[in-house]
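So the chains spell out like this:
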Amino acid sequence: MEKNQNNERGWPLWEIFIRSKQGLDHKHVGSLHAADAAMAIENARDVYTRRMEGVSIWVVESKYVHASNPDEAASFYDPANDKVYRHPTFYDLPDELKHM
Amino acid sequence: MIKDSLIDYTLHLADNALVLGHRNSEWTGHGPILEQDIALSNIALDLIGQARYLYQYAARLLNDRAADRVTSLAPGAREATEDSLAYHRDGWDFKNCLLVEQNNGDWGKTILRQFFFSAYQYFFYQQLAERKDRELAAIAEKSVKEVSYHLRWSSEWVIRLGDGTEESHRRMNDALDQLWRLTGELFTPSSYEKTLVAEGIAVDLVALQPLWEQRVADVFRQAGLTEPARGWQQTGGKEGKHTEHLGYLLAEMQFLQRAYPDNEW
């Protein structure tokens, strides 16, 4: 696994998160190779902010990102399907309440 | 006299930016890794952008002067444009420093050339922004932000390679051997610069040199590199006397406009 994430020059892979001018949160925009965190931020600047997309950059080495297993999707997500009562749709709203 | 010097000075600054921008663009598609290919191409685009502003200004100055002396515009002579200045002048018309026209060599040489020039341009533009010519000052003020990043990027690479492996350190020293003798020209004023310094238009290069040397010393210390003694320095580029490398660069850069003048696509 570790080996696959490194390119032929041995530079690890980094996940890049950018916060745009209007945005409140950093969004995942892609990944790139870099020798260390400082270079990853500069590469991200050059690769992902050329068209004024961002005002803030986060980088995380990909090996530190742990993901859920797609094979477990059924047991993870399907049980929520038939539990409509978890959605707040059974309340009568007073007429005075706007913007809901 | 001052007008002529200002034209030469503006062309000198434009040629510096264009020639180094073109050299860097030669790496596009050939960078050691995709991310750095993009980084250097961005720097190339910044420099060519600076060159465009400067050529546009030079063209305006040239056309104004031609209008002043009605007779000097020979029959059939056309107005200068940013494109005519970039594509229709010959090697001896170019006033760029010898440093920027050197061929790319390996990644280390390209990095060191960029670092030497960015460190120069960084202090240079800061001071030009304070000088009397408002057009040049405005271009300088806009460009210094770009150059700050070029300097940061190239400094980190000099440190990374100088303080890297045995091979990268050796290659940086090889690059230093080839480029050091061309850095003196950056601080050797040409005739037009001397005229304009007295007028408060050009940057005083003699005062600039200690700032540059300090920055180079700081970065070299972190990189484990040693500056050679100043020694003999090759000059001439600012007056149109170039090394053998410029002709090849121009042949490639100008080919299309020379073969098919004013062609657009």
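Residues numbered from 1 in each chain as written. Chains lettered and ligands numbered in written order. Predicted model: local features only at pLDDT ≥ 70, side-chain atom pairs only at ≥ 80, totals over all residues. Heavy atoms only, no water.

A. Spotlight on the nonpolar core. Within the largest apolar cluster, 92 residues are counted, with the highest numbers of intra-cluster contacts made by Tyr-9, Leu-112, Phe-116, Phe-124 and Val-158 of chain B. In terms of residue count, helix H5 (residues 107-128) of chain B provides more of this core than any other element does, 13 residues in total. (Core = buried A, V, L, I, M, F, W, Y, C linked by side-chain atoms within 4.5 Å. Buried < 20%, exposed > 50% of the residue type's maximum accessible area, 1.4 Å probe, protein only. Helix = DSSP H or I, 4+ residues; strand = E, 2+ residues; numbered from the N terminus.)

B. Looking closely at the packing of helix H6 (residues 134-162) of chain B against helix H7 (residues 166-179) of chain B. All names here are of chain B. Remark: H6 packs on H7, axes separated minimally by 7 Å, with the N-to-C direction vectors making an angle of 120 degrees. One element, H6, and the other, H7, form an angle in the oblique class. Contact residues: Val-158, Arg-160, Leu-161 and Gly-162 in H6; Ser-168, His-169 and Met-172 in H7. Of the residues belonging to the contact of H6 with H7, the class tally is three nonpolar, three polar and one charged. (Axes fitted to C-alpha atoms, helices over the stretch in contact; angles between N-to-C directions. Parallel < 35°, antiparallel > 145°, perpendicular 65-115°, else oblique. Contact = heavy atoms within 4.5 Å. Nonpolar A, V, L, I, M, F, W, Y, C, P; charged D, E, K, R; others polar.)

C. Structural context of the environment of His-12 of chain B. Residue and element names in this part refer to chain B. The residue His-12 is located in helix H1 (residues 2-25) in this model. With 228 residues separating them in the primary sequence, His-12 and Gly-240 have C-alpha atoms 9.6 Å apart. Sequence-distant contacts of His-12, defined by excluding residues within four places in its chain, comprise Lys-95, Asn-96, Cys-97, Tyr-120, Tyr-192, Glu-193 and Lys-238. A polar side-chain atom of His-12 sits 2.8 Å from the main-chain carbonyl oxygen of Lys-95. (Polar contact = N/O pair within 3.5 Å; in protein donor to acceptor, adjacent residues only side chain to side chain.)

D. Region of the structure containing the pattern of salt bridges. Residue and element names in this part refer to chain B. Per the counting criterion, the structure on display carries 18 salt bridges over all chains. A salt bridge links Arg-89 to Asp-15; the shortest N-O distance between them is 2.6 Å. Remark: Asp-15 occurs in helix H1 and Arg-89 occurs in the loop between helix H3 (82-87) and helix H4 (98-101); sequence separation between them is 74 residues. Taking the relative accessible area as the measure of exposure, Arg-89 reaches 9% and is therefore buried. (Salt bridge = Lys/Arg side-chain N within 4 Å of Asp/Glu carboxyl O.)

Interpretation note: all reported values are geometric properties and have no functional meaning in isolation.
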